[in-house]
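Structural overview
Now for the letters of each chain:
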Amino acid sequence: MEVVKKVEEVRARVDKEKRKGRVIGFVPTMGYLHQGHISLIKRAKQESDFVVVSIFVNPTQFGKNEDYDRYPRDIERDIKILNEEKVDLVFVPEVKEIYPEGFNTWVYVEKYCDILEGKFRPNHFKGVCTVVLKLLNIVEPDKSYFGWKDAQQLIIIKKMVDDLNIKSEIIGCETIREEDGLACSSRNIYLSDKDRKKALCLYKALERIKELVEKEKVIDCKKLIAEGKKIIESEKGVKLDYLEIVRISDLSVVEKIEKGVIVLGAIKIKDVRLIDNLRFE
Ligand code: AMP
């Protein structure tokens, strides 16, 4: 496994593999790897010949009062995991490699970026779109792997790639959860044992909505959201940012459960913000 820091090194290495006709798979991450990341890497290994993983905590997707400085980092541990997973190339750029002085071009998907997460994290998706487009231009992968855990991000990236005629295929991978149902996230380590238990209320609300739809045939979104909110709001110390049901195709709001909708939620416990979702496909 090679670990490189420079754009030109990635390009040279990937070019060499492409000339041999190899299929390039790409998994962008912010590091502090967990089972969710590993599942993306395993899928990439299955479906491509040469797997590139990037580790880059992207400063432009964090708001001023967010956790960029304290975002968990452990590059040595990450490299060990990637080695064990037999990843071919790891790209670990410094901030100035991605954003050299004078950098001034931004990518943004209108409407999609301002709602849901975007309402609570202004400019977050502008940072995400810009860095993902840059990484796709650097690696030029045949296939790129993203998690459904960050569903709005995945939907936005698919839209951007489609709108801008980018060649990489975007592949969504299922959310990996801890044994109790909490979605794996690098941010879970911020939670005390007590808060971690509280954090489960979002998953429980989603599971309750699933049960109401599947067993009790409730399809009215207002009713479903109200039931979900009850569970979250009864948990002391948890602040609900949003719980909404939208279409996967374009994030538009729906009134009744139908094929292709997704329930998206975000909660805050002290300073820790957690998201999760449930798809009806
Ligand atoms: P991050 O390092 O948080 O930026 O995540 C890198 C990639 O891993 C993104 O495509 C995420 O959606 C994905 N990911 C994060 N957590 C999970 C999870 N629990 N299950 C599946 N994919 C995940």
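In this report, we go over the structure that sits alongside the text. Computed from a prediction, not measured in an experiment: that's the story for all the values here.

Once that is clear, we can look at the site of the ligand. Neighbouring the ligand are 17 residues, the closest being Met30, His37, Asp150, Ile176 and Cys184. Within the contact set of the ligand, an oxygen atom lies 2.8 Å away from a side-chain nitrogen or oxygen of histidine 37. The separation between a nitrogen atom of the ligand and a polar main-chain atom of isoleucine 176 is 2.9 Å. In the complex, 93% of the free accessible area of the ligand, which totals 480 Å², lies under the protein chains. Looking at the shell around the ligand, the elements that each hand over two or more residues are strand S2 (24-29), helix H2 (35-47) and strand S5 (143-147). Residues that form the shell around the ligand fall into these classes: 7 nonpolar, 7 polar and 3 charged.

Below, the discussion takes up the pairing of strand S7 (residues 238-247). Across a regular strand the side chains alternate sides, sitting on one face of the sheet and then on the other. In terms of burial, S7 is a largely internal element, 7 of the 10 residues being buried. As paired elements, S7 and strand S8 (residues 261-269) share 9 bridges and run antiparallel to each other. In the sheet register, isoleucine 245 faces S8, and the bridge partner there is valine 263.

Let's shift gears to the environment of isoleucine 138. Counting through the fold element by element, isoleucine 138 comes out in helix H6 (residues 124-139). Accessibility expressed as a relative area gives 6% for isoleucine 138, which makes it buried. Taking the C-alpha atoms as reference points, isoleucine 138 and arginine 11, 127 residues apart in sequence, are found 6.4 Å from one another. Ignoring sequence-local partners within four residues, the contact set of isoleucine 138 consists of Val7, Val10, Arg11, Phe91 and Ile98.

This paragraph deals with the packing of helix H8 (residues 193-214) against helix H9 (residues 221-233). One can describe the packing of H8 onto H9 by two numbers: an axis separation of 8 Å at closest approach and a directional angle of 150 degrees. Considering their axes alone, H8 and H9 lie roughly antiparallel with respect to each other. For the crossing formed where H8 meets H9, the hand is right-handed. Here Cys201, Leu202, Lys204, Ala205, Arg208, Ile209, Leu212 and Val213 of H8 come into contact with H9, specifically with Leu224, Glu227, Gly228, Ile231 and Ile232. Considered class by class, the residues forming the contact of H8 with H9 number 9 nonpolar, 1 polar and 3 charged.

Once that is clear, we can look at the sheet that holds S8. With antiparallel pairing, 3 strands are arranged side by side in an open sheet as S7-S8-S9. Each of the sheet's edge strands pairs with one partner strand only, and the pair in question is S7 and strand S9 (272-280). Put simply, the sheet's adjacent strands are angled 15 degrees from each other on average, direction ignored. Sheet contacts for H8: S7, S8 and S9; angle to S9, the most-contacted strand, approximately 15 degrees. Seen against the sheet, H9 touches S7 and S8 and runs at an angle of roughly 160 degrees to S7.

When the charged atoms of two side chains with opposite charge come close together, those side chains can pair. A complete count under the given rule lists 28 salt bridges for this structure. Among the ionic pairs, arginine 13 bridges to glutamate 2, the shortest N-O distance being 2.6 Å. Residue arginine 13 is located in helix H1 (residues 7-19), and its partner glutamate 2 is located in strand S1 (residues 2-4); the two are separated by 11 residues in the primary sequence. Here glutamate 2 falls in the partly exposed class, since its relative accessible area comes to 36%.

Moving on to the packing of aromatic side chains. Evaluated as defined, the whole model comprises 7 aromatic pairs. With a centroid separation of 5.0 Å and 85 degrees between ring planes, the pair formed by tyrosine 99 and phenylalanine 103 is classed as edge-to-face. Exposure remark for tyrosine 99: the relative accessible area of 12% places this residue in the buried category. The class of phenylalanine 103 is partly exposed, set by a relative accessible area of 23%. Ring centres 6.3 Å apart and planes at 25 degrees place the aromatic pair tyrosine 99 and tryptophan 106 in the stacked group. Of the aromatic side chains, those joined through ring pairs into one cluster are Phe56, Tyr99, Phe103 and Trp106.

Quick notes on the rules
Residues numbered from 1 in each chain as written. Predicted model: local features only at pLDDT ≥ 70, side-chain atom pairs only at ≥ 80, totals over all residues. Heavy atoms only, no water. Near = heavy atom within 4 Å. Polar contact = N/O pair within 3.5 Å; in protein donor to acceptor, adjacent residues only side chain to side chain. Areas by Shrake-Rupley, 256 points an atom, 1.4 Å probe, with all protein chains shown as cover. Helix = DSSP H or I, 4+ residues; strand = E, 2+ residues; numbered from the N terminus. Nonpolar A, V, L, I, M, F, W, Y, C, P; charged D, E, K, R; others polar. Buried < 20%, exposed > 50% of the residue type's maximum accessible area, 1.4 Å probe, protein only. Pairing = 2+ DSSP bridges. Contact = heavy atoms within 4.5 Å. Axes fitted to C-alpha atoms, helices over the stretch in contact; angles between N-to-C directions. Parallel < 35°, antiparallel > 145°, perpendicular 65-115°, else oblique. Left-handed = near helix turned anticlockwise from the far one by under 90°. Salt bridge = Lys/Arg side-chain N within 4 Å of Asp/Glu carboxyl O. Phe/Tyr/Trp six-rings, centres within 6.5 Å; stacked < 30°, edge-to-face > 60°.

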